[in-house]
Amino acid sequence: MERTYLANVQGAAVNSEINVCGWIQELRALKNIVFIVLRDNTGTVQVTLKPDNISNINEVRELERESVICVTGVIPERTKSTSNREIVASRLVILNRAEKPLPLGITDPVSADFETRLNNRFLDLRKRENALVFRIESSMLWGMRRFFHSNNFVEIHTPKIVAAATEGGADLFGVRYFEKEAYLNQSPQLYKEIMMSAGLDRVFEVGPAFRAEQHNTVRHLNEFTSVDIEMSFADHHDAMHMLENSIRAGIERTLDELGPEIASSGIKMEIPEVPFPRISYRECIAFLKTRGVDVTFGEDFSPEQLREIGSQYSGFYFITGWPSSLRAFYTMPSAEDPEISNSFDLQYNEKEITSGAQRVHDPELLTKRFLSKGLNPDDFDFYIRAFRYGMPPHAGFGLGLERLVMILCNLQNIREATLFPRDRTRIVP
Ligand code: ATP
Ligand code: MN
């Protein structure tokens, strides 16, 4: 018989037989009756077992919480009008017995410490409110993917084992690659740009990015999921337009799919107005000066300074026109003001979610930029070659998916938005 999800028990016909499956959340065994609160990924329902009807009732009495069962039974007439329907079982199949004690309680009102939760994610995510974060991530990404597809983007997959560092520098994980030294990619940047020369016109990729960040912070992981786009015949304004509208589409989709559950979980999620405000780096400097903060052009903002800026410009906003000296070699300098670049960060309050820019498409300028950043152009020959035989102007961005989910769900630690976080000390599970 087909399985009925517990959320649909409410709508099922009274007195007709249904089949439900899930975990035993609670079990109360009395002499002449056994009650089970059964849970699946959609909800809970009470199952009543009368010893006369159930051949294996003595085994059932001994089951530990969180054991997995299937129950066949009917919804009795008397619960027709109540919101707490029950199922009177005619058959119970034990599929898997849970051991005791549980390393983590599912219904315990006291929440376990975070380390215990992460060490037991399989139990932690049986709590609906914890799993909701990942449902939101899924819906969000689905909405964004749909948006990209409907704007003619092609989803691509680029290598994660690479010979050259995207951004250079110390944030690299080395790997042994047969007799060569290789790295785990920090970003798909170089490969997605090559696809512009390949004429794919617009591409996006959702994939892992690896950064050997030494410090443990609440917004850095050593492996995160990067949502990247690159588009041809486009500049940073076009990329910002795609970014804000893809986020809006993702949130719309999320609220469509999960709105009531999000509301009842206490998460405040609203469809943001587009376009998002654009504030230039120079305006940020001027603003910080009015607040008595001493900051000079060419410096990156400290977390404190970003908090100050975030207290003025809340929600989603762009910081545009970053100094060229602060951005990677592939960032296009501004034609009007060569000290700054055609670049942007998307912020949410004080948090950076995305960096993007128009890219350099002239191979001569690119080579100069490599040298000025202390990088050897020879290491990037496979990349520069793609610029020598017809490379269109292009722009794009990289967005940290966990950071986005973190701000959408108002989480304090990015690890809560990561199934199995990789950080300075954690690689298991
Ligand atoms: P930050 O300054 O916050 O360390 P970044 O400027 O070094 O980030 P980018 O190279 O711009 O990072 O990467 C693009 C996006 O990827 C960032 O805006 C962020 O959302 C995400 N991201 C970067 N590094 C990490 C990380 N270590 N963990 C999680 N997300 C990250
Ligand atoms: Mn950045």
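Residues numbered from 1 in each chain as written. Chains lettered and ligands numbered in written order. Predicted model: local features only at pLDDT ≥ 70, side-chain atom pairs only at ≥ 80, totals over all residues. Heavy atoms only, no water.

J.: If you had to explain the coordination of the manganese ion (ligand 2) to someone new, which residues and values would you point to?
T.: The manganese ion (ligand 2) binds to the protein through Glu352 (OE) and Ser355 (OG); the donor distances cover 2.2 Å. According to the relative accessible area criterion, Ser355 is partly exposed, its value standing at 26%. (Donors = N, O, S within 2.8 Å, 3.2 Å for Na, K, Ca; no water. Buried < 20%, exposed > 50% of the residue type's maximum accessible area, 1.4 Å probe, protein only.)

J.: Account for the site of ligand 1, naming residues and giving values.
T.: What surrounds ligand 1 is a group of 14 residues, the closest being Glu213, His220, Leu221, Glu352 and Ile353. A distance of 2.8 Å separates a nitrogen atom of ligand 1 from a polar atom in the side chain of Glu213. Within the backbone of Gly400, an N or O atom sits 3.2 Å from an oxygen atom of ligand 1. Protein chains shield 81% of the accessible area of ligand 1, which is 590 Å² for the free molecule. Breaking the shell around ligand 1 down by element, the ones donating at least two residues are strand 15 (351-358) and strand 16 (394-400). (Near = heavy atom within 4 Å. Polar contact = N/O pair within 3.5 Å; in protein donor to acceptor, adjacent residues only side chain to side chain. Areas by Shrake-Rupley, 256 points an atom, 1.4 Å probe, with all protein chains shown as cover. Helix = DSSP H or I, 4+ residues; strand = E, 2+ residues; numbered from the N terminus.)

J.: How would you sum up the environment of Ile279? Please name residues and give values.
T.: For Ile279, the position within the fold is in strand 12 (residues 278-280). Exposure remark for Ile279: the relative accessible area of 5% places this residue in the buried category. Each C-alpha atom, one on Ile279 and one on Tyr313, is 8.8 Å from the other, the two residues being 34 residues apart in sequence.

J.: Explain the confidence of the model for the chain to me, and be specific about the residues and the numbers.
T.: Per-chain confidence: the chain averages 95 in pLDDT, with 99% of residues scoring 70 or above. Mean pLDDT across the elements of the chain bottoms out in strand 9 (residues 180-184) (94) and peaks in strand 16 (99). (pLDDT = per-residue confidence, 0-100.)

J.: So what's going on with the state of the cysteines? Which residues, and what values?
T.: Using the criterion set out here, one finds one disulfide in the structure. Here Cys21 engages in a disulfide with Cys70; their sulfurs sit 2.0 Å apart. Measuring the twist about the S-S bond at about 105°, one finds the Cys21-Cys70 disulfide to be right-handed. With Cys21 in strand 1 (residues 17-29) and Cys70 in strand 4 (residues 68-74), the pair connects residues that are 49 residues apart, well separated along the chain. Classification of Cys21 as buried rests on a relative accessible area of 13%. (Disulfide = S-S within 2.5 Å.)

J.: Please set out the sheet that holds strand 11 (residues 223-232) residue by residue, giving values where relevant.
T.: Ordered by their spatial adjacency, eight strands build an open sheet running 6-10-11-16-15-14-13-12, and the pairing between neighbours is mixed. Of all the strands in the sheet, just strand 6 (154-155) and strand 12 have a single pairing partner and so form its edges. Two strands pair when backbone bridges link them, and strand 12 and strand 13 (residues 316-320) are joined in this way by three bridges, in the parallel orientation. Bridge pairing in strand 13 links Ile279 to Ile319. Against the sheet, helix 4 (residues 128-150) touches strand 6, strand 10 (202-210), strand 11 and strand 16, its axis set at about 150° to strand 10. Contacting strand 12 and strand 13, helix 7 (residues 281-290) runs over the sheet at an angle of about 75° to strand 12. (Pairing = 2+ DSSP bridges. Contact = heavy atoms within 4.5 Å. Axes fitted to C-alpha atoms, helices over the stretch in contact; angles between N-to-C directions.)

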